[in-house]
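The chain contents come next:
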Amino acid sequence: MTIATISKKGSFSAAHRLYNKQWNYDKNIEVFGKCAYLNYHGHNYEYVVSLTGEVDKKTGFVFNLNDLSKILHHLVINLFDHKNINIDIKEFNSINPTIENISIFIWNLIRNQIRLDIDIKITLYETQNNFVEYYGK
Ligand code: NI
């Protein structure tokens, strides 16, 4: 059995605000910095979706990257691009849209579309220097 990891990069632009509604404004600024400003702000998010699994003998693929591209366009880009994450995506009405929580959300969306013998990893960049990796654990 030969195992490999393939990855697909992509990006979307979206607005968000990080805050805990149980805290006052000053406490939110203290914890979340500029991301807690009241009127939202944008990030150019970049993601890498990595799939690890057996290389199929017939195709030489772990997973067809064209199919992965369609899945990501349908599930991720259509949902997030040019949206206000807090307002437009109902799951984030009550969950803080940190890169951790966005990655977990994306991981779960993709998990439903990929067969279970393939492991999924999401890497999500909010800025050039700030990113998260999530493996589904
Ligand atoms: Ni932010």
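Going by the structure above, here's the rest.
All of the points below concern the structure found in this document. On a predicted model such as this, the values are computed, not experimentally measured, just so you know. (Residues numbered from 1 in each chain as written. Predicted model: local features only at pLDDT ≥ 70, side-chain atom pairs only at ≥ 80, totals over all residues. Heavy atoms only, no water.)

### Description of a nonpolar patch on the surface
Then, in step 1: The grouping of Y25, Y37 and L38 at the surface amounts to a nonpolar patch, some 310 Å² of accessible area in total.
Then, in step 2: With respect to the element layout, L38 can be found in the loop between helix 1 (25-32) and strand 2 (41-54). (Patch = residues over 30% accessible without salt bridge, like charges linked within 9 Å, V, L, I, M, F, W, Y side chains within 5 Å. Areas by Shrake-Rupley, 256 points an atom, 1.4 Å probe, with all protein chains shown as cover. Salt bridge = Lys/Arg side-chain N within 4 Å of Asp/Glu carboxyl O. Helix = DSSP H or I, 4+ residues; strand = E, 2+ residues; numbered from the N terminus.)

### A closer look at unusual backbone geometry
It is generally the case that most residues other than glycine have a negative phi and that most peptide bonds are trans.
Then, in step 1: The residue Y40 is not glycine, and still its phi comes out positive at about 65°.
Then, in step 2: With respect to the helices and strands, Y40 occurs in the loop between helix 1 and strand 2.
Then, in step 3: Positive phi outside glycine occurs at H82, with the angle close to 60°.
Then, in step 4: Positionally, H82 belongs in the loop between helix 2 (65-80) and strand 3 (83-84).

### A look at the pairing of strand 1 (residues 3-16)
Along a regular strand, successive side chains alternate from one face of the sheet to the other.
Then, in step 1: Two strands pair when backbone bridges link them, and strand 1 and strand 2 are joined in this way by 14 bridges, in the antiparallel orientation. Each residue of the ladder has a partner; that of T5, found in strand 2, is T52.
Then, in step 2: As paired strands, strand 1 and strand 3 are joined by two bridges and run parallel to one another. The residue bridging A15 from the neighbouring strand is N84, located in strand 3. (Pairing = 2+ DSSP bridges.)

### Here's the deal with the sheet that holds strand 2
Then, in step 1: Spatial ordering of the open sheet is given by 3-1-2-4-5, a layout of five strands whose pairing is mixed. Edge positions in the open sheet fall to strand 3 and strand 5 (131-134), since each of these has one partner strand only.
Then, in step 2: In the sheet, strand 4 (residues 119-125) pairs with strand 5 via four bridges, with the strands oriented antiparallel. Opposite T123, over in strand 5, you have E133 as the bridge partner.
Then, in step 3: Packing of helix 2 onto the sheet brings it into contact with strand 1, strand 2 and strand 3, and relative to strand 1 it is tilted by some 20°.
Then, in step 4: Contacts from helix 4 (residues 99-111) reach strand 1, strand 2, strand 4 and strand 5, with the element oriented near 145° to strand 4. (Contact = heavy atoms within 4.5 Å. Axes fitted to C-alpha atoms, helices over the stretch in contact; angles between N-to-C directions.)

### What to know about the nonpolar core
Then, in step 1: F12, L51, F80, I110 and I114 are the most contacted members of the largest nonpolar core, which totals 32 residues.
Then, in step 2: The biggest single contributor to this core is helix 2, with seven residues.
Then, in step 3: Beyond its immediate sequence surroundings of up to four residues, I110 is in contact with V49, L72, L75, I120 and I122. (Core = buried A, V, L, I, M, F, W, Y, C linked by side-chain atoms within 4.5 Å. Buried < 20%, exposed > 50% of the residue type's maximum accessible area, 1.4 Å probe, protein only.)

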